[in-house]
Amino acid sequence: EDATFDHNLSQFPLTGAHVSVACATCHTNGYTGTPTDCVACHQTDYNNTTNPNHQAAGFLTSCVDCHSTTAWQPATFDHDNQYFPIYSGTHAGKWDACVDCHVNPASFVTFECINCHEHNKTDMDAKHSQVQDYQYLSTACYTCHPTGRH
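Residues numbered from 1 in each chain as written. Predicted model: local features only at pLDDT ≥ 70, side-chain atom pairs only at ≥ 80, totals over all residues. Heavy atoms only, no water.

### Looking at the overall build of the protein chain
Each helix and strand in the protein chain was counted, giving seven helices and zero strands. For the protein chain, the succession of helices and strands along the chain, N to C, is α-α-α-α-α-α-α. Here the C-alpha atoms of the protein chain give a radius of gyration of 22 Å, more than 25% beyond the 15 Å that 2.2 N^0.38 yields for 150 residues. Counting all 150 residues of the protein chain, 15% fall into the buried class. In the protein chain, the share of contacts with a sequence separation of at least 24, taken over all contacts with a separation of at least 6, comes to 40%. Carbon and sulfur atoms make up 54% of the accessible area of the protein chain, which totals about 11,300 Å². Charge-centre separation for the protein chain: the mean point of 4 positive side chains lies 24 Å from the mean point of 15 negative side chains. (Helix = DSSP H or I, 4+ residues; strand = E, 2+ residues; numbered from the N terminus. Rg over C-alpha atoms; globule rule 2.2 N^0.38 Å. Buried < 20%, exposed > 50% of the residue type's maximum accessible area, 1.4 Å probe, protein only. Contact = heavy atoms within 4.5 Å. Areas by Shrake-Rupley, 256 points an atom, 1.4 Å probe, with all protein chains shown as cover. Lys, Arg positive; Asp, Glu negative; His and termini not counted. Charge placed at Lys NZ, Arg CZ, Asp CG, Glu CD.)

Right, here's the structure in full:
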């Protein structure tokens, strides 16, 4: 209390919800060497998040990529520009939940294209007969169609 330290002049200016946090909450081992990366304090939040499961999705632990210091919600996750366009283009409005494409809830790295598109393997094989290294696999679809377009 009555401290004169100006956190705004430090490597971790306090903004948003951090302003009202008691000093000892972050400075558990004193006032030197306190880590400034989000996950140092928010590892449990990251580990316990289920919508979507951050660990299974392989999200980075840099919270500021999607969250602000004001509050956890609302969060912004740019699926369209970071991974695959699902909010724009031909896939907009074609899905209801992450598990529609990410069929293994234990790993959001795993995805399926073929399940929704209901392509007939015989037809797809014929259409891709001239495509070198073609395979009837979702990962192969993504390799050639990373934006979901023909």
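### Side note on the pattern of salt bridges
Here the structure, examined in full by the defined rule, presents one salt bridge. The salt bridge partner of Lys121 is Asp125, with a shortest N-O separation of 2.7 Å. With Lys121 and Asp125 both in helix α6 (residues 121–127) and four residues apart, this pair spans about one turn of that helix. A relative accessible area of 44% places Lys121 in the partly exposed class. (Salt bridge = Lys/Arg side-chain N within 4 Å of Asp/Glu carboxyl O.)

### Observations concerning the environment of Asn120
Within the fold, Asn120 resides in the loop between α5 (114–117) and α6. Counting along the chain gives 116 residues from Asn120 to Thr4, while the straight-line C-alpha distance between them is 70 Å.

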